[in-house]
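Each chain is listed here by its residues.
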Amino acid sequence: MQIAIVGSATSAWAQVFHGIPFKPGDVILTSVAEYGSNYLAFLQAQKRTGVRIQVIPETPEGDISIPHLQQLLQQQPRPVLVSISHVPTSSGRMYDAAAVGAAAAAAGVPFLLDACQTAGQVPLDVQQLQCDFLTGPSSYELYDGAVRYEQYEVSMAAKVSVSGAGSSRLDFTARGLQEVLRASVAYYNTEQELESLVQALQELDWRHPPFSGAVADGAVWGRGAQDVKVGVVSLLEAALALLRQGFQPARSLLFAFGHDPEVGGDLGAMHIAELLASPGVQLEMIVDEGIGLALAGVAPFTKQPVALVGTAEKQLQTVQPPPTKLVSPTREFMIALADLAPAWLSLMLLAVKYVPFAGRLLAKMVSMASEEAAAVVRSTAAVTLAAAGVADNVLPQSGSVTINFRLLPGDTPQTPLQLTRGWLGRAAAANISMKGDKALQPMAVADASEPHFAIMQDAIQAAWRLQGPQHNGKALPVVPMLLPAMTDSRHYARLSPNGALRWSPGTFSTAGGELNRIHGTNERMRIADFACGLLTYEALLRSFGSYEAEAGQRAGEAVGRQPLQQQQQQQQEL
């Protein structure tokens, strides 16, 4: 073992690295969180000699993945150097340097360990670490008679910032950012912080600041304007307007707003529901977010404007396309659109109501019409995560695929497992499992023949009529539908025997990329849609606030609406 004393730890590392005779095509292996100035040296070597830089993947716990390292060490051409920082300055983690050294030694590849953060802090044994070079700070005293040589040369490049896109975190390209002016690895280290950075950079393309709530060009601009801040704001504005009018509801109206519906509602709606359940609160009806008005109709059924009210929703489960079937509320959705559809399609939609087995045939046809249409007649599956090898010329030792299922009403949490095992075969069945506790039982379907739906319909149509003559005085069709997404209503479902209705202010159309604005850049809500939502909520609050269950039931029977039990029986027969 040899020890060299130089002017600084940086100088020590640089002398080792730049003393290696790199050639074009040589491979340098390093860590995800390598020290910035070290990575700059890699980039300089890449530009000067044509070496390749490869990053060793990490484990979920944040350590270097030794199996992936071993694969990379066996690739051709063989790497000529493994260089990592023992403790990166951008985090508090300590890599398992001994395991890295053992893998490098077994492959005969030199190992350079930057111990600037650990030398003098933790015991270091270069033989145990099996590193060929270890650099770091030290304190020392000269022996009597020793000669000290001063080094006066100064590396100005090491003191002047020359960082660019290459010195940022190594995975920005994979996150959709092609160019980054400068990003500090010391500040953007955790995944949450990285996502904040990526979001901030993406928001540079906004026409108006994303959290400004700017009113311009006939719209309110801002993140969440469509999904779903407009629902909260218009609902509260409607309540305030009623209070100013002196309105006093005959029964309690509860407003519940959770802060985390996009990630499951476990910290918001779930706790609110538990609080309501503890004294035995029973809710007459739940109204949650949904879709709104389809200005261009619903393909392939109609091109006329239609208001869509969700009487059920798909549930999330993460584990071959499932089979098609026609279940409530999609069955009622199609029957309601029969009068609006072209003649040839109208007959088929009506057949669902009267002809046995017509539902199965129509479900098959709808599944082939478009991806959007198929989502209402089958549980959908999408591969959302995949992980396997680390290089294109190395066979991976293991791999994983995550499939996100959205379940139809009537399916159980076991449905995705059964389908996936049947698709992959017996060889892979043992390796399939549900992820975490996200498997949820689909909710019951709200009955569109009950007075609650009629109240929602009247409120939407009344607001639509006030929009003006551009609607030609036509009554807006309001139809039940299956919401393809999840809402917080699933947490409250056990509190209401009548289910939930899902609707949101706003119009949507596939034209002009409007759907891409939701959760995206330049999200906005038209002022006219906001006003329509306010009027709708005002009518809903007034009607539900004075609603009497017995009177509503008598009204439903008077117009001949079928009880839910009869609908379910007919559905089973079809």
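All values reported here derive from a predicted model rather than from experimental measurement.

Student: I'd like a description of the environment of valine 306, backed by residues and values.
Tutor: Considering the arrangement of structural elements, one finds valine 306 in strand 10 (residues 306–313). Sequence separation between valine 306 and glycine 292 is 14 residues; the distance between their C-alpha atoms is 8.6 Å. Ignoring any residue separated from it by four or fewer positions in sequence, one finds valine 306 in contact with Gly292, Leu293, Ala294, Leu337, Leu340, Leu476, Pro477 and Val479.

Student: Please set out the sheet that holds strand 7 (residues 219–221) residue by residue, giving values where relevant.
Tutor: Spatially, the three strands line up as an open sheet ordered 6-7-17, and their pairing is antiparallel. Every other strand in the sheet has two partners, leaving strand 6 (214–216) and strand 17 (524–526) as the edge strands with one partner each. Neighbour to neighbour, the strand axes of the sheet diverge by 25° on average, direction disregarded. With three bridges connecting them, strand 6 and strand 7 associate as antiparallel partners. Considered in strand 7, the bridge of valine 215 is made with valine 220. Where helix 7 (residues 225–244) meets the sheet, it contacts strand 7 and strand 17, and its direction lies at approximately 55° from that of strand 17.

Student: Summarise a nonpolar patch on the surface; cite the residues concerned and give the values.
Tutor: A grouping of Leu236, Leu253, Phe255 and Phe257 is seen on the molecular surface, where their side chains present a nonpolar patch of about 320 Å² in accessible area. You can see phenylalanine 257 is positioned in the loop between helix 7 and helix 8 (269–277).

Student: Got a sec to walk through unusual backbone geometry? Specific residues and values, please.
Tutor: Residues glutamine 76 and proline 77 are joined by a peptide bond in cis, for which omega reads 0°. Mapped onto the elements of the fold, proline 77 is located in the loop between helix 3 (66–73) and strand 3 (81–85). Even without glycine at this site, aspartate 217 takes up a positive phi of about 55°. With phi around 60°, asparagine 522 is a residue other than glycine that occupies positive phi space. Among the secondary structure elements, asparagine 522 is positioned in the loop between strand 16 (507–508) and strand 17.

Student: Please provide a residue-by-residue account of the packing of aromatic side chains, values included.
Tutor: Overall, the coordinates contain eight aromatic pairs when judged by the stated rule. Plain terms: the ring middles of tyrosine 39 and phenylalanine 42 are 5.9 Å apart, the flat faces sit at 80° to each other, and that makes the pair edge-to-face. Placement of both tyrosine 39 and phenylalanine 42 in helix 2 (residues 36–49) is noted, with a separation of three residues, approximately one turn of the helix. The rings of Trp13, Phe17, Phe22, Tyr39 and Phe42 are connected pair by pair, giving a single aromatic cluster.

Student: How would you summarise the sheet that holds strand 2 (residues 52–55) if you had to cite specific residues and measurements?
Tutor: One open sheet accounts for five strands, arranged 2-1-3-4-5; its pairing is parallel. Every other strand in the sheet has two partners, leaving strand 2 and strand 5 (133–135) as the edge strands with one partner each. For this sheet the average axis-to-axis angle between neighbouring strands, irrespective of direction, equals 20°. The strands touched by helix 4 (residues 97–107) within the sheet are strand 3 and strand 4 (111–114), with strand 4 carrying the most contacts at an inclination of about 165°.

Student: Help me get a handle on the side chain of glutamate 523, residues and values and all.
Tutor: Relative to the assigned elements, glutamate 523 resides in the loop between strand 16 and strand 17. One buried charged side chain, glutamate 523, makes no salt bridge at all; its nearest oppositely charged neighbour is arginine 223, positioned 5.3 Å away. From its side chain, glutamate 523 meets the backbone nitrogen of glutamine 226 in a polar contact 3.0 Å long. The contacts of glutamate 523, once residues within four sequence positions are left out, are Trp206, Val220, Trp221, Gly222, Arg223, Gly224, Ala225, Gln226, Asp227, Arg517 and Ile518.

Student: If you had to explain the packing of helix 15 (residues 451–465) against helix 17 (residues 527–545) to someone new, which residues and values would you point to?
Tutor: Contact geometry for helix 15 and helix 17: axes closest at 8 Å, N-to-C directions at 145°. Note on packing geometry: the crossing formed by helix 15 with helix 17 is right-handed. Of the residues in helix 17, those in contact with His452, Ile455, Met456, Ala459, Ile460, Ala463 and Trp464 of helix 15 are Cys532, Leu535, Thr536, Ala539, Leu540, Ser543 and Phe544. Considered class by class, the residues forming the contact of helix 15 with helix 17 number eleven nonpolar, three polar and no charged.

Student: Can you lay out the nonpolar core for me, pointing to particular residues and giving the numbers?
Tutor: Membership of the largest hydrophobic core comes to 25 residues, with the highest contact counts inside it found for Val309, Met456, Ile460, Leu501 and Leu540. Top contributing element to this core by residue count: helix 15, with six residues. With 23 residues, the next largest nonpolar core counts Val298, Leu326, Met334 and Val352 among its residues.

Student: So, the pairing of strand 14 (residues 478–483): which residues are in play, and what are the values?
Tutor: Counting buried positions along strand 14 gives six out of six residues, so the element sits mostly inside the fold. As defined by bridge partners, strand 10 adjoins strand 14 across six bridges and the pair is classed as parallel. The residue bridging leucine 308 from the neighbouring strand is valine 479, located in strand 14.

Student: Explain the layout of surface pockets residue by residue, including any values.
Tutor: The method is simple in principle: a probe with the dimensions of a water molecule rolls over the atoms, and the space it marks as empty is what remains. Of the pockets and cavities examined, the second largest pocket occupies roughly 1300 Å³. Sorting the residues of the lining of the second largest pocket by element identifies helix 7, helix 8, strand 8 (286–288), helix 16 (489–492) and helix 17 as the ones contributing at least two each. The residue makeup of the lining of the second largest pocket, split by class, is 25 nonpolar, nine polar and eleven charged.

Student: Describe in detail the confidence of the model for the protein, supporting the description with residues and values.
Tutor: Within the protein, residue pLDDT values average 78, and 75% of them lie at 70 or more. At the level of individual helices and strands, the protein shows its lowest average pLDDT in helix 19 (residues 564–573), which scores 40, and its highest in helix 4, which scores 96. Across residues 150–170, confidence stays below pLDDT 50; counting only partners more than four residues off in sequence or on other chains, it has 33 contacts. When the criterion is pLDDT under 50, residues 550–574 qualifies, and its contacts beyond four places in sequence or with other chains add up to 33 contacts.

Student: Can you tell me about the environment of serine 400, naming the residues and giving the values?
Tutor: In this fold, serine 400 is placed in strand 13 (residues 400–407). A residue is classified by how much of its surface remains accessible, and serine 400, at 45% relative accessible area, is partly exposed.

Student: How would you explain helix 17 if you had to name every residue and give the values?
Tutor: The first and last C-alpha atoms of helix 17 sit 27 Å apart over 19 residues, in line with the 27 Å expected at 1.5 Å per residue. The complete set of buried residues in helix 17 reads Asp529, Cys532, Gly533, Leu534, Thr536, Tyr537, Glu538, Leu540, Leu541, Phe544 and Gly545. Where the residues of helix 17 are buried, they touch helix 7, strand 8, helix 15, strand 16 and strand 17.

Reading the values: rules and limits
- Residue numbers run consecutively from 1 along every chain, following the written order of its sequence.
- Local features in this predicted model are restricted to residues of pLDDT 70 or higher, and side-chain atom pairs are both shown and tallied only at a pLDDT of 80 or more, whereas totals for entire chains, interfaces and linings draw on every residue.
- Hydrogens and water are ignored here; the side-chain numbers use all heavy atoms of the structure.
- Elements are defined by DSSP. Helices are runs of H or I of four residues or more, strands are runs of E of two residues or more, and each kind is numbered from the N terminus.
- We call two residues contacting when some pair of their heavy atoms lies within 4.5 Å.
- DSSP calls a pair of strands paired once it identifies at least 2 bridges connecting them.
- Lines fitted to the C-alpha atoms define the axes, with helices restricted to the stretch that makes contact. Angles between their N-to-C directions range from 0 to 180 degrees.
- Note that patches include only residues with greater than 30% relative accessible area and no salt bridge, and the join distances are 9 Å for like charges and 5 Å for nonpolar side chains (Val, Leu, Ile, Met, Phe, Trp, Tyr).
- Computed by Shrake-Rupley with a 1.4 Å probe, the accessible areas treat only the displayed protein chains as cover when residues are assessed.
- The term salt bridge refers to a side-chain nitrogen of Lys or Arg lying within 4 Å of a carboxyl oxygen of Asp or Glu.
- Two rings from Phe, Tyr or Trp (for Trp, the six-membered ring) form a pair when their centres are within 6.5 Å of each other. A pair whose planes differ by under 30 degrees is stacked, one over 60 is edge-to-face, and the rest are tilted.
- Summary of the burial criterion: residues with accessible area below 20% of their type's maximum are buried, those above 50% are exposed, and those between are partly exposed, where the area comes from a 1.4 Å probe applied to protein chains only.
- None of His or the chain ends enter the tally, which takes Lys and Arg as positive and Asp and Glu as negative.
- We define a polar contact as two N or O atoms separated by no more than 3.5 Å, with the added condition that, inside protein, one atom must be a possible hydrogen donor and the other a possible acceptor, whereas residues neighbouring each other in sequence contribute only through side-chain atom pairs.
- Two helices crossing with the near one rotated counterclockwise from the far one by less than a right angle form a left-handed crossing, whereas a clockwise rotation gives a right-handed crossing.
- When residue character is reported, Ala, Val, Leu, Ile, Met, Phe, Trp, Tyr, Cys and Pro are called nonpolar, Asp, Glu, Lys and Arg charged, and the others, Gly included, polar.
- To define a nonpolar core, start from buried Ala, Val, Leu, Ile, Met, Phe, Trp, Tyr and Cys residues and group those joined through side-chain atoms within 4.5 Å.
- Cavity and pocket criteria rest on a 1 Å grid covering protein atoms alone: a 1.4 Å probe that fits but cannot get out defines a cavity, protein on both sides within 12 Å along at least 5 of 7 lines defines an open pocket, and an atom within 4 Å of a point defines a lining residue.
- Grid points are joined across faces, edges and corners, and a volume is the space filled by probe spheres set on the points.
- Within a predicted model, pLDDT stands for the predictor's per-residue confidence, ranging from 0 to 100.
- Expected span, for any helix, means 1.5 Å times one less than how many residues it has.

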